[in-house]
Amino acid sequence: MSRINIMRLIPLFMAVMLLTVTVLLWPSQDDGGSPLAWVNVAIMLGLSLLLIQYGIRLLREHSEPRPGSRLRAKLVIAMIAMLLVPAMVIQMAASQMVERGMDVWFDVRVDTLLDRALNLAQGFYERVEKNMKRNLLDYISDGVLLAAVSGNMDYRSTNAYLNEIRQTEGWQKVELFDINERQIGAVQTGELSTLQMTSLNETARLSMHLGRVVTELVTRDDGEVAVGYAPLIGPTSVIGLLRVEIQLPTGVIQNARAVEADYRSYRQLEHNRQKISATFTHVMLFMTLVVVLLAGLVALLFARRLTSPIGDLANALRRVTEGDLDVVISESPQDELGSLARSFNKMATRLKQNVAAIEQAQKDLTQALDNSRQRQYVLESLLANLHTGVVLVDGDGRVRLLNQAVRDILHLPDNWIPSADILQVSHGNLRDIGDFYDELRHQKEELLQREFDVALPEGKILHVLARGARLSASGTKFSGYLLVIDDISDLAEAERAKAWAEVAQRLAHEIKNPLTPIKLSTERLQRRFRTQVDNTEVFDVCTKAIIDQVERLQRLIADFSTLARMPQPKIREIPVNTLLQDMNELFHSYQRVHVKMVDGQSDSICQCDPDQIRQVLINLMDNAIAATGDAEHHSVRLYAELTDEFVAWHVEDDGDGITEEAASKLFEAYYSTKVNGSGLGLAIAKRIAEDHGGELKLVSRTGPTHFCLKLPRHMPHKEGS
Amino acid sequence: MYHLLCKWRNFFLILAGILFVAQPIVYANESGSLKIHLDHKVIYCTAQITVADNTFSLAMQDGITVTTEWHIQVGKVRDYWLNEAIADITVIRRAKPDLLTRSWLLTDTSSGISQRVYNIEDAIRFLSSLENFPLLDRSLLLTNTLYSVSVDIKVHAGEVNTAWWANLWKPAAASMQQDFSLP
């Protein structure tokens, strides 16, 4: 069981202890049912019920108690315990003292002393009574008295005799009555005028009735009197009564009565000894309970006054923990708690200000972050959509950012990732990139621009333009380098082609003009001087050679002109099979040429310039026929394939094929494997294909040699035929 | 205040219940006998409390005044309601010892008659019994009607505290009840 649970059981333990004490001190009949005892029982039961209720509430309480309540309970319990312990000690000591006092008060010696004193007093009375009875017995059968009672004596003689008796016995008063209770005579000490007539009481009648001497004590205003009754017994029965009185001595009587009163008081106290002890216990217990109750009440008020600010503080702290910073607690007590409350309020105010500042900063940061994200998004979108390769390198030479375009342009390997060291990954064909970065890093100028070739893995040479800039923004700690890579291969090619075209056009213009007069002059020479020469055979050979070479030069110049001034394709719709049919009719004289029509799609059309496409196909067929020679077992195949988007013409031949070196330069201008070739046929064909938005490529070099002209079936816009 | 009372109501009810149940359990009443006698005019009762031998004698021999207080109530029995009170009589008998003369002065405070006896048994009998005590006139009662006589006896040793609150917590030494009806 945890310590907390044990602490929660303390009120129940205290209640059980208090109930045990209540049962032990339950009022008994010997206590006389003292109200105080029941008040004590009620108080203790009340306290027990309070403790039980509090204990049960503690046990059933699962949630966190109200702030300060436990401290308050502990303070109250501690203060009550501090008061209860000395109170119980005092009560036990007082009880012991009372018990000891009782033992002293009711000591055996005191008891014996009182008994003896009472015995003395009783002895005095007994002696008086005994003497009186003994003396009276002498007169029961006194003849004079009997005669007086019987009426045989006169009043004077009777009184004289009675006076004589009185004097003899020492009695104060003597009276004589007959059987009818009629006073016969009476004498007394002192004046006779004070003598009063007294009637017989029950004791006197009893004495007469029983015939026995009886004495009694009578208390009067002037003191106590011992009264004796002696029946006068005649020959057969009681015939009268002698009544005598003795005035007991006042001092002795007072002392005797004082002894009796003291004895009675003592016995009364002794009789109530247990009750007195119980009453004392109950009084002490009542006082203890009252003190405990008052102390508990005062402790509760004090603890409440003490813990109330602490509870407020704890409650305020809980609210602050939950995020409520508007809490303000009272600062009324001018003590440490008040100082604590003031400090808390200051703290809450500062906390609120700080939170407001943090929220404002967070808001600004969020807005800045949003802006940054927007800029980053724009930048990333821009970089992603750029065809220019971009590489961002930080000051440590590590790649921070690179876009997809640079990967596509340079065919970067997989180790080109952000955080990679650019110098380490720039090796092999990418060494120039690393050198460019290294040069940029070590130069003093901010910008650097270089052009260099990069050999791609598939053997293609890429001509790139690299531009670099040093980044050192003053507002940020970032410093690095921005590398921008552009593929300018096509641009360089275009510029080279343009330059060649201009050269070709200029050469054609310069060469074409004298060729026609040369050819005409040669033909004139042939017509006029053939008959005049000696050796006509040599003459014919020479003139024919001149004419052939001139014609060749004219064709070459025509091709130059065609390459230089390639006209725009005149797009129109034409069935694919029409072109195939034209090729079939054109090359039907060659047995090895096989043209295959498109099956089931005879009306399939494509959009193109039919003259230019026909020129390309003728060029490809001529090359194929030339490559196959006259071998009968070689064949040339032309066929077309259609898709929804493209049409592809395939030209295959079973010739010797093309070498790898020739294949790499096949579509370059002025490259030809033929003796009389201009080297412009495939270049022109490739340009026509590109002008149509398509491509011309060598599918396989040999076995068979396979060219494919692939064009889109639908052009974006077409010009009228 | 009202809220406070309501809040503590259950607590006080429980406490009162405990005390109400507890007190009768603590004090076992001593037994006694009660008899009703009728004659043609008066209704008498004879009641006697049976107490331990030394209940009276110890105190009386020590000179302590012993008083018995007889509280007699006559009521008409009613069903489902409290009995209708007809007579409420209190008889106080006192025996005051005189240690010097070894006698006891017996006093019936209701009648004012006193007598002195020299025998303790007479004094005890005087205190512990009420013989043929006239309760009420027969004409006050109806025939064939059930009546109840209850007697509560309290015993006081020493001087009786005459204050009004003194006997509030004084338990009865014996309680007797007898029903009767006139033929």
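Assigned secondary structure in chain A consists of 19 helices and 17 strands. Counting all 721 residues of chain A, 24% fall into the buried class. Intrachain contacts of chain A at a sequence separation of at least 6 include 61% that bridge at least 24 residues.

Our focus in this paragraph is the sheet that holds strand 12 (residues 593-595) of chain A. Residue and element names in this part refer to chain A. In space, the five strands of this open sheet follow the order 12-14-15-17-16, with mixed pairing throughout. Each of the sheet's edge strands pairs with one partner strand only, and the pair in question is strand 12 and strand 16 (695-700). Pairs of neighbouring strands in the sheet enclose a mean axial angle of 20°, with direction left out of account. Of the strand pairs in this sheet, strand 16 and strand 17 (residues 705-712) are connected by five bridges, and their pairing is antiparallel. If you follow Lys-697 over to strand 17, its bridge partner there is Cys-708. Taken strand by strand, helix 16 (residues 576-586) contacts strand 12, strand 14 (636-642) and strand 15 (646-653), and its axis lies near 175° from that of strand 14. Strands in contact with helix 19 (residues 681-691) are strand 16 and strand 17; relative to strand 16, the strand with the most contacts, it is inclined by about 120°.

Either a parallel or an antiparallel arrangement is found when strands of a sheet pair, and the pairing is made through backbone hydrogen bonds. Residues and elements named next belong to chain B. Here we have three strands laid out as an open sheet, ordered 1-2-7, and antiparallel in their pairing. The sheet is open, and its two edges are formed by strand 1 (32-38) and strand 7 (129-137), each paired on a single side. Averaged over all adjacent pairs, the angle separating strand axes in this sheet is 20°, with direction ignored. As paired elements, strand 2 (residues 42-49) and strand 7 share six bridges and run antiparallel to each other. Residue pairing for strand 7: Val-42 is matched across the bridge by Asp-137.

All names here are of chain B. The pairing of strand 4 (residues 84-98) with strand 5 (residues 103-108) spans six bridges and is classified as antiparallel. Residue pairing for strand 5: Pro-97 is matched across the bridge by Trp-104. Taken together, strand 4 and the strand that follows it, strand 5, pair antiparallel across an intervening segment of four residues, in which Arg-102 is found at a positive phi of about 55°. Here strand 5 pairs with strand 6 (residues 113-117) via five bridges, running antiparallel. Bridge assignment links Thr-107 to a residue of strand 6, and that residue is Ser-114.

Conventions and cut-offs
- Residues numbered from 1 in each chain as written.
- Chains lettered and ligands numbered in written order.
- Predicted model: local features only at pLDDT ≥ 70, side-chain atom pairs only at ≥ 80, totals over all residues.
- Helix = DSSP H or I, 4+ residues; strand = E, 2+ residues; numbered from the N terminus.
- Buried ≥ 20, exposed ≤ 12 C-beta atoms within 10 Å, placed from the backbone.
- Contact = placed C-beta atoms within 7 Å.
- Pairing = 2+ DSSP bridges.
- Axes fitted to C-alpha atoms, helices over the stretch in contact; angles between N-to-C directions.

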